[in-house]
Amino acid sequence: MCGILGIWGRDQVAAELMLGLATLQHRGQDAAGAITFDGSFHVKIGRGLVSEVFADKHQERLRGPWGLGHVRYATMGSTDVEDAQPVHVSYPYGLAMVHNGNVTNFDEVRESLYAEHHRLVSTSNDAALILYTFAAELEKCDLRSLSILDLFGCVEATQRAIAGAYSAVCLIAGRGLLAFADPHGIRPLVLGRRETEAGPEYAFASETTCLDFLGFEAVEEVGPGCAIFIDGQGEIHRHQGVRGRSAFCVFEFIYFAREDSVLRGRVVAEERERMGRALASPVAAAGTPPDVIIDVPASGYFFAVGLASACDAPFRRGLAKNHHIGRSFIQPTDEERRRSVRLKLNPIRGVVDGLRVAVVDDSIVRGVTSRRLVSLLRAAGAREVVMVSAAPPVRYPCPYGIDMSTRDEIIAARQSPDAVRRLIGADGLVYQPLESLQALYRDVGCCDACFSGEYPTGLDAEALTRIEREKDRSGRAG
Ligand code: AMP
């Protein structure tokens with residue numbers, strides 16, 4: 001997963017790009033990059049957090065009123081700066097691009113780009129692949145009289161060629177900013193507008209939290225297959241490109257997006273409370289009611305509050321979190337993940353001592369966090385521990401950009417909930433029923449393939465195995 005930002009401004013844009021990227025930092029901490037345009041491209045890309053990559057001098061150097069920014073999600077292996085974004089080319093137009101998602105037919109597109117257009121994608125960078133595909137389509141147009149309809153035609157051809165998840169923003173030198181989404185609209189992208197004395201300015205961002213911070217009002221989302229072009233005069237042009245069924249990633253609501261964001265018209269925090277309330281009946285069905293409900297901070301908080309509001313047990317903060325430790329999820333080995341969970345979380349004795357504790361997390365993937373927490377809570381005096389997952393059992397890998405690892409590593413991929421309960425050592429284990437989650441999101445139209453195995457782009461078993469193998473190797477993600 002990654003975070004992207006594109007700004008169509010009227011003055012220097014670099015400082016805002018950097019600040020805006022910082023508000024998307026939760027979507028990626030591995031690398032950050034920005035590109036601006038003032039007649040030439042100016043680029044800065046580096047590994048690490050936004051605050052580590054950009055310094056004051058980059059605000060001076062990255063000149064121009066239009067720009068793109070990117071923060072990259074760390075998946076195992078994707079550590080090359082070569083694979084970081086933005087990417088850009090100078091032919092047939094000056095084009096720069098950022099994207100969020102993951103391409104599932106990478107090799108196939110790479111081969112055809114080379115065979116048909118002599119364009120060599122030498123990195124494993126999805127954004128380069130999408131950009132080269134778009135550029136190859138542009139090359140077929142008469143560039144002297146290139147119309148907006150031509151641009152949208154190139155988007156459609158790109159959408160037909162590239163499979164998987166992608167929300168992309170493309171800066172077309174001297175022409176404007178073009179945003180588009182895959183036919184299912186799997187990844188979020190929102191257009192914002194703000195008024196200035198010089199006229200309106202626009203921004204595309206992965207989440208509204210970024211637009212809020214920069215003072216843009218969210219205007220609309222770039223929905224399934226949609227393309228939006230802001231031309232050089234600041235006029236907005238919209239086009240419905242290749243469209244499939246809406247399959248917005250439900251894991252954005254569960255874990256990935258920040259709680260203050262509004263996605264598909266819904267406030268993420270409220271969604272998490274709703275999912276928490278829906279857990280009340282499976283928790284009741286699991287036996288003796290808990291004495292206390294605690295969250296796994298920070299991602300379990302809203303679910304736990306929602307659950308507590310729908311049952312008789314009180315919510316209390318029962319785990320203290322060290323906020324200065326990096327993500328335990330992306331450590332290379334289970335041992336390191338266990339250690340990092342230990343370093344990050346510690347039970348608050350008085351809250352759990354002698355009680356039947358329900359501990360709520362957003363999801364269980366490998367089960368490392370839950371197993372560690374159950375033993376820590378017992379050591380802190382909990383009489384019984386019921387692990388509650390606000391998500392249904394994760395059973396299938398995600399080929400669309402969320403690091404769900406491979407089926408060999410996913411604890412519920414081949415085991416029943418009771419076997420998982422035994423493995424994590426809990427007295428009880430409650431998952432969100434898949435049907436409850438689906439009922440909550442029927443009207444949005446969400447992708448829940450990591451729980452259901454129903455891939456909106458129609459991946460077969462062979463393609464899935466190939467993606468798992470590739471993932472083991474490269475960890476490519478946008
Ligand atoms: P695990 O220990 O593998 O079961 O991971 C579950 C924990 O990691 C939960 O506490 C989640 O908050 C977090 N998590 C779940 N999915 C992801 C992901 N794709 N990337 C990073 N963290 C995640």
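Residues numbered from 1 in each chain as written. Predicted model: local features only at pLDDT ≥ 70, side-chain atom pairs only at ≥ 80, totals over all residues. Heavy atoms only, no water.

So, about the nonpolar core. Core analysis: the largest hydrophobic core is formed by 55 residues, its most contacted members being I254, Y441 and F451. Per-element tally for this core: the top contributor is helix α8 (residues 250–256), with 5 residues. Counting contributing residues, this core receives three or more from each of domain 1 (3–247) and domain 2 (270–441). Apart from the residues within four sequence positions on either side, I254 is in contact with R272, M275, F303, D362, A391, L437 and F451. (Core = buried A, V, L, I, M, F, W, Y, C linked by side-chain atoms within 4.5 Å. Buried < 20%, exposed > 50% of the residue type's maximum accessible area, 1.4 Å probe, protein only. Helix = DSSP H or I, 4+ residues; strand = E, 2+ residues; numbered from the N terminus. Domains from an automatic or database assignment. Contact = heavy atoms within 4.5 Å.)

Near the ligand, the surroundings consist of 17 residues, among which Y73, D361, D362, R366 and T369 are the closest. Between an oxygen atom of the ligand and a main-chain N or O atom of V365, the distance comes to 2.8 Å. A distance of 2.8 Å is found between an oxygen atom of the ligand and a backbone nitrogen or oxygen belonging to G367. The protein chains hide 94% of the 500 Å² of surface that the ligand would expose on its own. Those elements that provide at least two residues to the shell around the ligand are α8 and α14 (368–379). Grouping the constituent residues of the shell around the ligand by class yields 8 nonpolar, 4 polar and 5 charged. (Near = heavy atom within 4 Å. Polar contact = N/O pair within 3.5 Å; in protein donor to acceptor, adjacent residues only side chain to side chain. Areas by Shrake-Rupley, 256 points an atom, 1.4 Å probe, with all protein chains shown as cover. Nonpolar A, V, L, I, M, F, W, Y, C, P; charged D, E, K, R; others polar.)

Looking now at the domain arrangement of the protein chain. In terms of domain boundaries, the protein chain breaks down into domain 1 (3–247) and domain 2 (270–441). Relative to domain 2, the C-alpha centre of domain 1 lies at a distance of 35 Å.

What follows is about the packing of helix α9 (residues 268–278) against helix α11 (residues 301–310). At a closest axis distance of 6 Å, the pairing of α9 and α11 adopts a crossing angle of 45 degrees. One finds that α9 runs oblique with respect to α11. The handedness of the crossing between α9 and α11 comes out as right-handed. Here A269, R272, E273, M275, G276 and R277 of α9 come into contact with α11, specifically with F302, F303, V305, G306, L307, S309 and A310. Of the residues assigned to the contact of α9 with α11, the class counts are 7 nonpolar, 3 polar and 3 charged. (Axes fitted to C-alpha atoms, helices over the stretch in contact; angles between N-to-C directions. Parallel < 35°, antiparallel > 145°, perpendicular 65-115°, else oblique. Left-handed = near helix turned anticlockwise from the far one by under 90°.)

On to empty space enclosed by the protein, then. The rolling of a water-molecule-sized probe over the atoms marks out the regions of remaining empty space. Scanning the model with the defined rule gives 5 cavities of 30 Å³ or more in all. Reported here for the second largest cavity is a volume of approximately 70 Å³. Forming the walls of the second largest cavity are I186, R187, C249, F251, C398, Y400, I402, C447, A449 and C450. (1 Å grid on protein atoms, 1.4 Å probe; cavity = no way out; pocket = protein on both sides within 12 Å on 5 of 7 lines; lining within 4 Å. Points joined across faces, edges and corners; volume = space filled by probe spheres on them.)

If you trace the 6 strands from one edge of the open sheet to the other, you get β5-β6-β7-β8-β12-β13, paired in antiparallel fashion. Two strands close off the open sheet at either side, each with one partner strand: β5 (87–89) and β13 (236–240). Pairs of neighbouring strands in the sheet enclose a mean axial angle of 15 degrees, with direction left out of account. Against the sheet, helix α5 (residues 126–139) contacts β5, β6 (95–103), β7 (164–172) and β8 (176–181), and its axis sits at roughly 125 degrees relative to β6. (Pairing = 2+ DSSP bridges.)

Here we come to the side chain of N125. With respect to the helices and strands, the residue N125 is situated in the loop between α4 (106–117) and α5. Assessed through its relative accessible area of 2%, N125 is described here as buried.

Reading across the sheet, the 4 strands line up as β17-β20-β21-β22 and stay open at both edges, with parallel pairing between neighbours. Looking at strand neighbours, the two that pair on one side only are β17 (292–295) and β22 (428–431), the edges of this open sheet. In this sheet, adjacent strand axes meet at a mean angle of 20 degrees when their direction is disregarded. Note that β17 and strand β20 (residues 356–361) share 4 bridges and pair parallel. Along β20, the bridge assignment pairs D295 with V360. Its contacts with the sheet put α11 on β17 and β20, and the angle it makes with β17 is roughly 160 degrees. In the packing of α14 onto the sheet, the strands contacted are β17, β20 and β21 (384–389), and the crossing angle to β21 comes to about 155 degrees.

The element β7 is largely enclosed, with a buried count of 9 among its 9 residues. Two elements, β7 and β8, share 6 bridges in a ladder whose sense is antiparallel. Its bridge partner being in β8, L171 is matched across the sheet by L177. Between β7 and β8, which follow one another and run antiparallel, lie 3 residues, and G174 among them has a positive phi close to 75 degrees.

On to the state of the cysteines. If you walk through the whole model with that rule in mind, you get 0 disulfides. Not part of a disulfide, C154 finds its nearest cysteine sulfur in C141, a span of 3.8 Å. Summary of cysteine pairing: C398 is not part of a disulfide, and the nearest cysteine sulfur, belonging to C249, is at 6.1 Å. (Disulfide = S-S within 2.5 Å.)

Before going further, it helps to spend a moment on the pattern of salt bridges. Charged atoms that come close allow side chains of opposite charge to pair. Under the defined criterion, the tally for this structure stands at 29 salt bridges. Salt-bridge contacts for E220 lead to R238; the nearest nitrogen and oxygen are separated by 2.5 Å. One end of the pair, E220, is in strand β11 (residues 217–221); the other, R238, is in strand β13, and 18 residues separate them in sequence. A residue is classified by how much of its surface remains accessible, and E220, at 22% relative accessible area, is partly exposed. For R238, a relative accessible area of 48% translates into the label partly exposed. Close ionic contact of D408 with R414 constitutes a salt bridge, the shortest N to O distance being 3.0 Å. The pair D408 / R414 is uniform in exposure class, with both members exposed. (Salt bridge = Lys/Arg side-chain N within 4 Å of Asp/Glu carboxyl O.)

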